[in-house]
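Breakdown of the fold
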Protein chains: 2
Amino acid sequence: MFIGEFHHNIDDKGRIAIPSKYRDILGNSFVITRGIEHCIYVYPNDTFNHIVTKLEGLPFTKKDARAFTRFFMSGATAIELDKQGRVNIPRPLITYANLSKKCVIVGTGDRLEIWDEEAFNEFMSSCNDEMSDIAENLFEEKI
Amino acid sequence: MFIGEFHHNIDDKGRIAIPSKYRDILGNSFVITRGIEHCIYVYPNDTFNHIVTKLEGLPFTKKDARAFTRFFMSGATAIELDKQGRVNIPRPLITYANLSKKCVIVGTGDRLEIWDEEAFNEFMSSCNDEMSDIAENLFEEKI
DNA sequence: TATTTATCCCCCACTTTTCCCCACAGTCTA
DNA sequence: TAGACTGTGGGGAAAAGTGGGGGATAAATA
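In sheet architecture, strand pairing relies on hydrogen bonds along the backbone and comes in two forms, parallel and antiparallel. Taken together, the 6 strands give an open sheet; going across it, the order is β1-β7-β8-β4-β3-β5 (chain B), and neighbouring strands pair in antiparallel fashion. Each edge of the sheet is formed by a strand with only one pairing partner; in this case those strands are β1 (5-9) and β5 (77-80) of chain B. Averaged over all pairs of adjacent strands, the angle between their axes in this sheet comes to 30°, without regard to strand direction. Looking at chain direction, strand β4 (residues 40-44) of chain B and strand β8 (residues 112-116) of chain B are connected through 3 bridges and run antiparallel. For tyrosine 41 of chain B, the partnering residue across the bridge sits in β8 of chain B and is glutamate 113 of chain B. With respect to the sheet, helix α3 (residues 63-74) of chain A is in contact with β1, β4, β7 (102-107) and β8 of chain B, its orientation differing from that of β7 of chain B by roughly 95°. Packing of helix α2 (residues 45-56) of chain B onto the sheet brings it into contact with β3 (29-34) and β4 of chain B, and relative to β4 of chain B it is tilted by some 105°.

As structure tokens, then:
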């Protein structure tokens, strides 16, 4: 399970170090792809494959299915860590997530998310005030 | 499985390089055809044949079936890669997809899509805002 | 039928990108 | 304080993408 928050830099070549605590779980090969709030998702292979299976069940004749599949699959890249434990983020994803230098890598249970630091801070502070309302409707019963 | 996003140029002769990562999957001969959002679809032979079988199951007495089959089949061309790993896109498809120079080639699971770069950016940015909503309604249950 | 025009392929060469390796610096631990 | 680990930066080799030239084949015109 992925938990925690780490602050790393992405260099000019588009490389960023995966926190060493995550490498044990991820192994040496995994998948990164576009995430929904302009961040980057990092999935272990089997988790990613599970989602792909679900998406392949959707017909390409449906507009939303095409759009989301395109969004999710076109952003995906199979990743191998280099000897220093870094990943090479493809340009399109760097642009999409608006990564400049300072990045935040957070664990969210079954995946990692890579955010531009500024965007992350902004998102979190904008959410904090509403969190009470957000939580309100998540569950009907005691969890 | 096709994933990822690549930016290549189409030259004056109508040739465009297929990203080398895709060539392993596609092999040397495959099919390209008209795609739904004014892009070009690229299918491995057996995937294409599978779709054709499905389309042949539709009655030609239905207007929509005729229209879509005509759309999909008339655009199709059998393709062979040249020795440099490029395909020669037929003029009608170049016109249809509005390809000028900068193109985007994306993997969307079972096929590739070739887009004019500008058109692709436009489509993606128009989707990005809605992606949260689109995802919202794709599945009812946990995937 | 002969000549021209266009199209398609293949080959060569240049440029750019990607990947791999090495080296250094800061931090934590023993 | 020494050693190991983690994060950061850069250089060089290999691969991938791009563009143009030339020859073969096919279509078009006189």
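Residues in close proximity to DNA strand D total 22 residues, the closest being Lys13, Arg15 and Arg23 of chain A together with Arg23 and Lys101 of chain B. When atoms of DNA strand D within 4 Å of the protein are split into backbone and base, the sugar-phosphate part holds 56%. Separating a phosphate oxygen of DNA strand D from a side-chain N or O atom of lysine 101 of chain A is a distance of 3.1 Å. Between DNA strand D and the protein, one listed contact pairs a phosphate oxygen with a side-chain N or O atom of histidine 8 of chain B at 3.3 Å. Only β1 (5-9) and α1 (20-26) of chain A together with β1 and α1 (20-26) of chain B provide two or more residues apiece to the surface near DNA strand D. Grouping the amino acids of the surface near DNA strand D by side-chain chemistry returns 4 nonpolar, 7 polar and 11 charged.

What follows is about the sheet that holds strand β5 (residues 77-80) of chain A. All names here are of chain A. Across the sheet, 6 strands lie side by side as β1-β7-β8-β4-β3-β5; this open sheet has antiparallel pairing. Only two strands of the sheet have a single neighbouring strand rather than two, namely β1 and β5. Here the strands of the sheet are splayed against their neighbours by 30° on average, with no regard to which way each runs. Pairing geometry for strand β3 (residues 29-34) and strand β4 (residues 40-44), over 5 bridges, is antiparallel. Considered in β4, the bridge of isoleucine 32 is made with valine 42. Lying over the sheet, helix α2 (residues 45-56) contacts β3 and β4, oriented at roughly 105° with respect to β4. Each of β1, β7 (102-107) and β8 (112-116) is contacted by helix α5 (residues 117-136), which is oriented at about 105° to β8, the strand it contacts most.

A separate point is the interface of chain A and chain B. With 27 residues of chain A at the interface, the matching set in chain B holds 32 residues. Contact between chain A and chain B buries roughly 2400 Å² in total, counting both sides, with carbon and sulfur atoms accounting for 72%. It is Phe60, Arg70 and Met73 of chain A in chain A that bury the most area against chain B; as a group they hold 27% of the surface buried on that side. For the pair chain A and chain B, the interface holds 4 salt bridges. Of the charged contacts in the structure, one is a salt bridge between glutamate 113 of chain B and arginine 70 of chain A, with a shortest N-O distance of 2.6 Å. Remark: the boundary between chain A and chain B carries 8 residue pairs in polar contact (both at pLDDT 80 or more). Contributions of two or more residues to the side of chain A that touches chain B are made by α2, α3, β5 and α4 (91-97) of chain A.

Right, let's get into the pattern of salt bridges. Applying the stated criterion across every chain, the model contains 10 salt bridges over all chains. Of the charged contacts, one joins arginine 15 of chain A and aspartate 11 of chain A as a salt bridge, the two residues approaching to 2.9 Å between their closest N and O atoms. Take arginine 15 of chain A: its relative accessible area is 23%, and that puts it in the partly exposed class. Here aspartate 11 of chain A falls in the partly exposed class, since its relative accessible area comes to 27%. Here arginine 34 of chain A and glutamate 5 of chain B are joined by a salt bridge, their closest N and O atoms 3.4 Å apart. One end of the pair, arginine 34 of chain A, is in strand β3; the other, glutamate 5 of chain B, is in strand β1, on a second chain. Glutamate 5 of chain B carries the same exposure label as arginine 34 of chain A, and that label is buried. Salt bridges sharing partners connect three or more residues here, namely Arg66 and Arg70 of chain A together with Glu37, Arg111 and Glu113 of chain B.

Now for the packing of aromatic side chains. Inspection of every chain in the model, using the stated rule, returns 22 aromatic pairs over all chains. For the ring pair phenylalanine 71 of chain A and tyrosine 96 of chain A, a centre distance of 6.0 Å and an interplane angle of 75° mean the geometry is edge-to-face. Placement of the pair is phenylalanine 71 of chain A in helix α3 and tyrosine 96 of chain A in helix α4, with a sequence separation of 25 residues. By the burial criterion, phenylalanine 71 of chain A is buried, and tyrosine 96 of chain A matches it. A cation over an aromatic ring shows up here: arginine 34 of chain B above the ring of phenylalanine 71 of chain B, its NZ or CZ 5.7 Å from the ring centre.

Conventions adopted
Residues numbered from 1 in each chain as written. Chains lettered and ligands numbered in written order. Predicted model: local features only at pLDDT ≥ 70, side-chain atom pairs only at ≥ 80, totals over all residues. Heavy atoms only, no water. Pairing = 2+ DSSP bridges. Helix = DSSP H or I, 4+ residues; strand = E, 2+ residues; numbered from the N terminus. Axes fitted to C-alpha atoms, helices over the stretch in contact; angles between N-to-C directions. Contact = heavy atoms within 4.5 Å. Near = heavy atom within 4 Å. Polar contact = N/O pair within 3.5 Å; in protein donor to acceptor, adjacent residues only side chain to side chain. Nonpolar A, V, L, I, M, F, W, Y, C, P; charged D, E, K, R; others polar. Buried area = accessible area lost by both parts, 1.4 Å probe. Salt bridge = Lys/Arg side-chain N within 4 Å of Asp/Glu carboxyl O. Buried < 20%, exposed > 50% of the residue type's maximum accessible area, 1.4 Å probe, protein only. Phe/Tyr/Trp six-rings, centres within 6.5 Å; stacked < 30°, edge-to-face > 60°. Lys NZ or Arg CZ within 6 Å of the ring centre and 35° of its normal.

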